[in-house]
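Residues per chain are reported as follows:
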Amino acid sequence: MIEKKAFAGTMESSDIYVEIEPLPQGSGVELVLTSVVYEQFGPEIEAVIRQTLKDLEVTDVKVTASDRGAVDCTIRARIETAVCRGKGEN
């Protein structure tokens, strides 16, 4: 369970900046995504974010992501890092 707002990543090229914050129980996942390649890869980026959250068993969060062309493994790493920080696991 996410306890506090947390972030990971940068706004550098080929990276993604992710903020994650807790929502009330039962809210589900709220995802806000902006990307320089949204028209080409937006649905795929969203799918990677949602699948990573599912794999980590994280629900009831708001994720705000600003993508600058990150590859899937970078997206997963940033989500995992933000989740760990949000849980207070630094």
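All figures in this text were calculated on a predicted structure; none of them were measured in a lab.

Engineer: Looking at this structure, how should I read the pairing of strand S2 (residues 16–22)?
Structural biologist: Side chains on a regular strand alternate between the two faces of the sheet. The pairing of strand S1 (residues 6–8) with S2 spans 3 bridges and is classified as antiparallel. Of the residues in S2, the one forming a bridge with alanine 6 is isoleucine 20. Direction of pairing for S2 relative to strand S4 (residues 61–67): antiparallel, over a ladder of 7 bridges. Bridge assignment links valine 18 to a residue of S4, and that residue is alanine 65.

Engineer: Would you take a moment to explain unusual backbone geometry for this structure?
Structural biologist: Trans is the common state for peptide bonds, and a negative phi is the common state for residues other than glycine. The backbone phi angle of serine 14 is positive, close to 70°, even though this residue is not glycine. In this structure, aspartate 60 takes a positive phi of about 60° despite not being glycine. With a relative accessible area of 15%, aspartate 60 lands in the buried category.

Engineer: Would you mind showing me how to read the packing of aromatic side chains here?
Structural biologist: The geometry of an aromatic ring pair is captured by two quantities: the separation of the ring centres and the angle between the planes. Summed over the entire model, instances satisfying the criterion amount to 1 aromatic pair. Lying over the aromatic face of phenylalanine 7, arginine 85 brings its terminal NZ or CZ to 5.9 Å of the ring centre.

Engineer: Is there a simple way to explain helix H2 (residues 72–86) in this structure?
Structural biologist: Residues spaced three or four apart along an α-helix face the same direction, because each turn holds 3.6 residues. The end-to-end C-alpha separation of H2 is 21 Å, in line with the 21 Å expected for 15 residues at 1.5 Å each. Residues of H2 that are buried: Thr74, Ile75, Ile79, Ala82, Val83 and Gly86. On an axial view of H2, the arc spanned by its buried residues comes to 165°, and they lie on one face. For H2, the elements touching its buried residues are S1, S2, helix H1 (38–55) and S4. Once H2 finishes, glycine 88 follows within two positions and takes phi at roughly 80°, a positive value.

Engineer: How should I be thinking about the environment of valine 63 in this particular structure?
Structural biologist: Within the secondary structure, valine 63 sits in strand S4. As a C-alpha pair, valine 63 and phenylalanine 7 span 56 residues in sequence and 9.5 Å in three-dimensional space. Valine 63 has contacts with Val18, Glu19, Ile20, Glu30, Leu31, Val32, Ile49, Leu53 and Ile79, leaving out every residue within four places of it along the chain.

About the criteria used
Residues numbered from 1 in each chain as written. Predicted model: local features only at pLDDT ≥ 70, side-chain atom pairs only at ≥ 80, totals over all residues. Heavy atoms only, no water. Pairing = 2+ DSSP bridges. Helix = DSSP H or I, 4+ residues; strand = E, 2+ residues; numbered from the N terminus. Buried < 20%, exposed > 50% of the residue type's maximum accessible area, 1.4 Å probe, protein only. Phe/Tyr/Trp six-rings, centres within 6.5 Å; stacked < 30°, edge-to-face > 60°. Lys NZ or Arg CZ within 6 Å of the ring centre and 35° of its normal. Expected span 1.5 Å × (residues − 1). Arc of directions from axis to C-beta. Contact = heavy atoms within 4.5 Å.

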